[in-house]
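Commentary on secondary and tertiary structure
Read off the chains here:
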Amino acid sequence: MDPLENEAKKTEESGDLESALRLWKELATKRKDSVLFCDYGRVAEKLGLWDEAENAFATALRMDQQFPPALESMGSLWFTRTDKSDAESFQTAKEWFLKALKYERNARLLTFLGATYAAAGDIHEARSAFEEAILIDPDYEEAFYNLAKIEKDTGERRAVDLLEKAIAIDPDYSLAHQELGRLYQHAGDLTSAEYHFRRSLDGDPTDYWSHLFLANLFAAQGKNLEAEKMYRFATSVHPEIRAGVEFFARFLTSIGKQEEASSVRAGLSR
């Protein structure tokens with residue numbers, strides 16, 4: 001591997017995205033390589049530099065109009081970007097993913113397409129895409145997880161089965177454990193709910209939502225010390241999320257800490 005390319009990879013992996021962006025840009029411009037322009041665009045996307053990312057992927061496509069990674073990258077960019085309306089973003093993302101699928105039909109691309117349909121509210125097409133992804137690759141856990149997310153409102157048992165398949169493929173799949181925790185809690189199986197919330201935290205010990213869900217679960221069970229610890233951590237990670245702060249304030253009131261509850265709520269208006 002080229003020393004500069006190796007440096008770019010290691011810099012990106014270290015989390016220094018600004019330096020990685022500079023290195024990938026230098027490499028792509030110097031070599032005029034479509035793969036390197038996709039690497040450059042991917043880091044720009046991570047940094048929220050939407051136009052720069054789009055220009056990088058467009059440059060890759062000018063070199064090869066049928067280059068699947070660049071087509072897929074364009075779809076991912078439009079699905080992720082926040083500087084356009086949802087309607088425009090999801091429609092454009094769908095078009096890019098459909099173009100990519102003309103040249104390379106795989107489970108990952110179909111799952112991306114399905115997620116785009118789901119975000120746009122087209123559940124029928126989303127389900128079709130996820131199910132095709134699973135047929136192509138029965139070990140692609142992302143497809144099971146995303147299919148479960150759209151099934152949970154109409155069929156909780158099916159959603160649980162799909163999520164259980166996802167974690168059978170990847171036992172450390174944090175998001176699948178988190179979703180299972182929520183479904184088991186809703187079904188009244190609090191022991192299973194706690195297990196899956198904790199497994200979710202094994203994969204991501206600082207995850208806000210798993211801490212908040214566990215806090216709510218403990219509060220409902222009267223485990224006040226555990227609940228308070230989880231609420232304090234969650235609201236320290238994201239003090240700007242009003243719902244979490246309000247849950248914490250209500251909990252504090254319920255255990256007789258009205259003054260602190262008022263102080264917590266007052267912090268929202270600062």
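The structure contained in this document is the topic of the report that follows. (Residues numbered from 1 in each chain as written. Predicted model: local features only at pLDDT ≥ 70, side-chain atom pairs only at ≥ 80, totals over all residues. Heavy atoms only, no water.)

What follows covers the overall build of the chain. Regarding its fold elements, the chain presents 16 helices and zero strands. C-alpha extents for the chain along the principal axes are approximately 65 × 40 × 35 Å. Sorting the 270 residues of the chain into buried and exposed places 45% on the buried side. For the chain, contacts bridging at least 24 residues in sequence account for 40% of all contacts bridging at least 6. Here the chain has roughly 14000 Å² of accessible surface; of this, 50% comes from carbon and sulfur atoms. Once the 34 positive and 48 negative side-chain charges of the chain are each reduced to a mean point, those two points are 2 Å apart. (Helix = DSSP H or I, 4+ residues; strand = E, 2+ residues; numbered from the N terminus. Buried < 20%, exposed > 50% of the residue type's maximum accessible area, 1.4 Å probe, protein only. Contact = heavy atoms within 4.5 Å. Areas by Shrake-Rupley, 256 points an atom, 1.4 Å probe, with all protein chains shown as cover. Lys, Arg positive; Asp, Glu negative; His and termini not counted. Charge placed at Lys NZ, Arg CZ, Asp CG, Glu CD.)

The next thing to look at is the nonpolar core. One finds Trp24, Met74, Leu163, Ala176, Leu214 and Tyr231 to be the most contacted residues of the largest nonpolar core, which totals 80 residues. Excluding residues that lie within four positions of it along the chain, Met74 makes contacts with Glu54, Phe57, Ala58, Leu61 and Trp96. (Core = buried A, V, L, I, M, F, W, Y, C linked by side-chain atoms within 4.5 Å.)

The next subject is the side chain of Glu151. Among the structural elements, Glu151 can be located in helix H9 (residues 141–151). Leave out the neighbours within four places in its chain, and Glu151 touches Arg127, Glu156, Arg158, Ala159 and Leu162.

With their axes 10 Å apart at the nearest point, helix H11 (residues 174–186) and helix H13 (residues 208–221) run at an angle of 20° to one another. For the element pair H11 / H13, the angle class is roughly parallel. Pair H11 / H13 crosses with left-handed handedness. Note on element contacts: H13 touches H11 through Trp209, Ser210, Phe213, Asn216 and Leu217, opposite Gln178, Arg182 and Gln185. Of the residues contributing to the contact of H11 with H13, the split by class is three nonpolar, four polar and one charged. (Axes fitted to C-alpha atoms, helices over the stretch in contact; angles between N-to-C directions. Parallel < 35°, antiparallel > 145°, perpendicular 65-115°, else oblique. Left-handed = near helix turned anticlockwise from the far one by under 90°. Nonpolar A, V, L, I, M, F, W, Y, C, P; charged D, E, K, R; others polar.)

This part covers the packing of aromatic side chains. Taken as a whole and assessed by the stated rule, the structure comprises nine aromatic pairs. A ring pair is formed by Phe37 and Tyr40, whose centres lie 6.5 Å apart and whose planes are at 50°; its orientation type is tilted. Within this pair, Phe37 and its partner Tyr40 are both found in helix H3 (residues 34–46), separated by three residues, close to a single helical turn. With centroids separated by 5.2 Å and ring planes inclined at 40°, the aromatic side chains of Tyr231 and Phe251 adopt a geometry described as tilted. Taken together, the residues span a long stretch of sequence, with Tyr231 in helix H14 (residues 224–237) and Phe251 in helix H15 (residues 242–254) at a distance of 20 residues. With relative accessibility at 3%, the residue Tyr231 sits in the buried group. Three or more aromatic residues link up through ring pairs in this structure, and these residues are Phe197, Tyr208, Trp209 and Phe213. Here Lys99 stacks its cationic end above the ring of Trp96, 4.3 Å away from the centre of that ring. (Phe/Tyr/Trp six-rings, centres within 6.5 Å; stacked < 30°, edge-to-face > 60°. Lys NZ or Arg CZ within 6 Å of the ring centre and 35° of its normal.)

Right, let's get into the pattern of salt bridges. A pair can form between side chains of opposite charge whenever their charged atoms are brought close. A full pass over the atoms with the stated rule returns 25 salt bridges. For Arg157, the salt bridge goes to Asp161, with nearest N and O atoms at 3.1 Å. Taken as a pair, Arg157 and Asp161 lie in helix H10 (residues 156–169) at a separation of four residues, close to a single helical turn. For Asp161, a relative accessible area of 37% corresponds to the partly exposed category. One salt-bridge network, in which partners are shared between bridges, spans Glu12, Asp39, Arg42 and Lys46. (Salt bridge = Lys/Arg side-chain N within 4 Å of Asp/Glu carboxyl O.)

What follows concerns unusual backbone geometry. In this model, Lys32 sits at a positive phi of 55°, which is unusual for a non-glycine residue. With respect to the helices and strands, the residue Lys32 is situated in the loop between helix H2 (17–31) and H3.

Topologically, Ala118 is positioned in helix H7 (residues 107–119). Residue classification places Ala118 among the partly exposed positions, given a relative accessible area of 24%. Distance in space between the C-alpha atoms of Ala118 and Met63 is 32 Å, their sequence separation being 55 residues. Ala118 has contacts with Ile123, Ala126 and Ile150, leaving out every residue within four places of it along the chain.

In a regular helix each residue adds 1.5 Å, so 13 residues correspond to 18 Å; H3 covers 19 Å between its end C-alpha atoms and thus fits that length. Of all the 13 residues making up H3, ten are buried; the element is thus mostly covered by neighbouring parts of the structure. Of all the residues in H3, the buried ones are Ser34, Leu36, Phe37, Cys38, Asp39, Tyr40, Gly41, Val43, Ala44 and Glu45. As for H3, its buried residues are in contact with helix H1 (3–13), H2, helix H4 (50–63) and helix H5 (68–80). Between the side-chain oxygen of the N-cap and the backbone nitrogen of Val35 there are 2.7 Å, and the N-cap of H3 in question is Asp33. Gly48 lies just past H3 and shows a positive phi near 75°. (Expected span 1.5 Å × (residues − 1). Polar contact = N/O pair within 3.5 Å; in protein donor to acceptor, adjacent residues only side chain to side chain.)

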